[in-house]
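Survey of secondary and tertiary structure
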Amino acid sequence: MRLPASLVGMKTPVVPIVGCANGAFGRVAGAEKAVETMRYSAHFRSSPLKHFWDKVVNEPKDIKKGDLAIASLAVMSHRLAKICKRTYQRNKELVVIGGDHSCAIGTWKGVARAVQHEGPIGLVWLDAHLDSHTPLTSRSGNLHGMPVSHLIGDGDKRLSEIYGPTPTIRPQNMALVGVRSFEEEELDFVTRNKIYVFYQSDIEKHGLANVMERALERANDGTVGFGLSIDLDAFREKDAPGTGTPEAGGIIAEDFLHKLLELDLSKLMATEIVEFNPDLDQDERTEQLIGRLLEHIYLTKWGLKCQIR
Ligand SMILES: NC(=[NH2+])NCCC[C@H](N)C(=O)O
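Procedures and definitions
- Position labels on residues start from 1 in each chain and follow its written sequence.
- Totals for whole chains, interfaces and linings use every residue, but because this is a predicted model, local features are given only for residues with pLDDT of at least 70 and side-chain atom pairs only at 80 or more, for both listing and counting.
- Excluded from the side-chain calculations are hydrogens and water; all other atoms, namely the structure's heavy atoms, are used.
- One bridge is not enough; two strands pair if DSSP finds at least two bridges between them.
- Secondary structure counts use DSSP, requiring at least four H or I residues in a row for a helix and at least two E residues in a row for a strand, with both numbered from the N terminus.
- To get an axis, a line is fitted to the C-alpha atoms, and for a helix only the part in contact is used. The angle between two axes follows their N-to-C directions and goes from 0 to 180 degrees.
- Cavities and pockets were defined on a 1 Å grid built over protein atoms only: a cavity is a set of grid points that admits a 1.4 Å probe from which the probe cannot escape, a pocket is an open set flanked by protein on both sides within 12 Å along at least five of seven lines, and lining residues are those with an atom within 4 Å of any such point.
- Grid points are joined across faces, edges and corners, and a volume is the space filled by probe spheres set on the points.
- In this classification, Asp, Glu, Lys and Arg are treated as charged, Ala, Val, Leu, Ile, Met, Phe, Trp, Tyr, Cys and Pro as nonpolar, and every other residue, Gly included, as polar.
- Pairing of aromatic rings covers Phe, Tyr and Trp, the last counted by its six-membered ring, and requires centre-to-centre distances within 6.5 Å; plane angles under 30 degrees mean stacked, over 60 mean edge-to-face, and any other angle means tilted.
- The criterion is that NZ of a Lys, or CZ of an Arg, lies within 6 Å of the ring centre and within 35 degrees of the ring normal, and then a charge sits over that ring.
- Residue types Ala, Val, Leu, Ile, Met, Phe, Trp, Tyr and Cys, when buried and joined through side-chain atoms within 4.5 Å, form a set referred to as a nonpolar core.
- Partly exposed describes any residue whose relative accessible area lies between the buried limit of under 20% and the exposed limit of over 50%, with all areas from a 1.4 Å probe on protein chains only and scaled to the type maximum.
- By the definition adopted for this analysis, an angle is roughly parallel if under 35 degrees, roughly antiparallel if over 145, roughly perpendicular if from 65 to 115, and oblique otherwise.
- Handedness of a helix crossing follows the sense of rotation of the near helix relative to the far helix, less than a right angle counterclockwise being left-handed and clockwise being right-handed.
- Note on contacts: a residue pair qualifies if any of its non-hydrogen atoms lie within 4.5 Å across the two residues.
- Near, as used in this document, describes a residue that has one of its heavy atoms within 4 Å of the molecule or strand being considered.
- Side-chain atoms alone can form a polar contact between residues adjacent in sequence; in general such a contact is a pair of N or O atoms within 3.5 Å, and within protein one must be able to donate a hydrogen while the other accepts it.
- A 1.4 Å probe and the Shrake-Rupley method give the accessible areas. Residues count as covered only by the protein chains that appear here.
- One speaks of a salt bridge when a side-chain nitrogen belonging to Lys or Arg is within 4 Å of a carboxyl oxygen belonging to Asp or Glu.

Before going further, it helps to examine the sheet that holds strand β8 (residues 268–274). In space, the 8 strands of this open sheet follow the order β2-β1-β3-β8-β7-β4-β5-β6, with parallel pairing throughout. Each of the sheet's edge strands pairs with one partner strand only, and the pair in question is β2 (51–58) and β6 (196–199). With strand direction ignored, the average angle separating the axes of adjacent strands in the sheet is 15°. Pairing of strand β1 (residues 15–21) with strand β3 (residues 95–97) involves 3 bridges; the strand directions are parallel. Each residue of the ladder has a partner; that of V18, found in β3, is V96.

Turning to the layout of surface pockets, a few remarks are in order. As a volume, the largest pocket reaches approximately 260 Å³. Taken together, 19 residues make up the lining of the largest pocket; nearest its centre are R27, H129, H144, G145 and E183. Among the residues making up the lining of the largest pocket, the classes are represented as no nonpolar, 10 polar and 9 charged.

Looking now at the packing of aromatic side chains. A complete count under the given rule lists 4 aromatic pairs for this structure. Ring plane angle 50° and centroid distance 4.9 Å describe the contact between Y196 and F198, whose orientation is recorded as tilted. Of note, R113 hangs over the ring of Y163, and the distance from its end group to the ring centre comes to 4.2 Å.

Ranked by size, the top nonpolar core spans 51 residues in total, and within it V124, L126, V177, F235 and L293 carry the most contacts. It is helix α11 (residues 285–301) that provides the largest number of residues to this core, a total of 7 residues.

Take the packing of helix α9 (residues 208–220) against helix α10 (residues 253–260) next. Taken N-terminus to C-terminus, the directions of α9 and α10 make an angle of 55°; their axes are 10 Å apart at the nearest point. With respect to their mutual orientation, α9 and α10 come out oblique. The handedness of the crossing between α9 and α10 is right-handed. Within the contact between the two elements, α9 uses L208, A209 and M212 and α10 uses D255, F256 and K259. Class assignment of the residues belonging to the contact of α9 with α10 gives a composition of 4 nonpolar, no polar and 2 charged.

Lining the immediate environment of the ligand, one finds 14 residues, of which D131, S140, H144, T245 and E275 sit closest. With respect to the ligand, the side chain of S140 contributes an N or O atom lying 2.6 Å from an oxygen atom. Contact with the protein chains covers 98% of the free accessible surface of the ligand, which is 350 Å². Residue composition of the shell around the ligand, by class: no nonpolar, 7 polar and 7 charged.

What follows covers the environment of V75. Looking at the secondary structure, you find V75 in helix α3 (residues 67–91). Its relative accessible area of 41% is what places V75 among the partly exposed residues. Spatially, the C-alpha atoms of V75 and E59 are 8.5 Å apart, while their sequence positions differ by 16 residues.

Okay, the pattern of salt bridges next. Between side chains of opposite charge, a pair can form when the charged atoms approach closely. Summed over the entire model, instances satisfying the criterion amount to 9 salt bridges. Across the pair R236 and D239 runs a salt bridge, and its minimum N-O distance is 3.1 Å. Classification of R236 by relative accessible area gives partly exposed; the value is 25%. The partner of D255 in a salt bridge is K259, with the nearest N and O atoms 2.6 Å apart. Placement of the pair is D255 and K259 together in helix α10, with a separation of 4 residues, close to one helical turn. The class of D255 is partly exposed, set by a relative accessible area of 25%. Relative accessible area serves as the criterion here: at 23%, K259 is assigned to the partly exposed category. In the salt-bridge network here, residues are joined through shared partners; they are D67, D156 and R158.

Shown next, in the form of structure tokens:
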């Protein structure tokens, strides 16, 4: 879809949103409702950030756990990647609202493919978890715990090799931020592959601004640009209660919003926000946080901070 006629010629940029309504690859169902909730969110509709909903991808029906789930995720990821590539190429901006975090496989493949002739892309990954299992190491079998490994070209080929060159992201351009829960096999995986991890303890020691700057340095090193993949469970549970796998501690949302304003986001290509489960939200806190995150990110990127409420 092209920009609706009413938006063409407007002075401030408009960000296109792609929805990915998936939840069956996570621990609890419900993240598939995030797209619908955000689409009709009164808060987000009146946001100073101008946006339009471009396309929505749905997960295949009747997904079964285990091997069949890989085949279903491969189908969904391929569709999402294709749409993300096209939306990015047309608009030079992209926001993806998930979905459980398994949608990252498709999102970032699409963005990487859109610029594959210019060079690689980097990725800053905000998350309480390492999400670095492969189907062989995962104890839960939940694919939302495995996107990082597939993005760097490991795991099941049906997922890592969809729609374009592998790896989607080079390990040296990937930085995980806010991690505080993982299993031993995942730690092995990130160590072996030299993926940079900033734990929650690093944030507490060095400060969020310092950690985010270092994460951006890695994502920008020798790349065309970078992406931001935000799992809402990176934040404290009281700031983002509407997520399926909360962990104690976490990033203070206000602190993050504030620090965003100071970052150089000029090379940001796309933002993905995942793991919002509206059934678990309290007082629409998570819903509102999503809107505020996007406002802070894009109005900073475009130098329009004055419009932030
Ligand atoms: N995207 C997420 N919320 N991931 C949580 C993963 C939790 C756990 N490590 C698992 O593999 O099951």
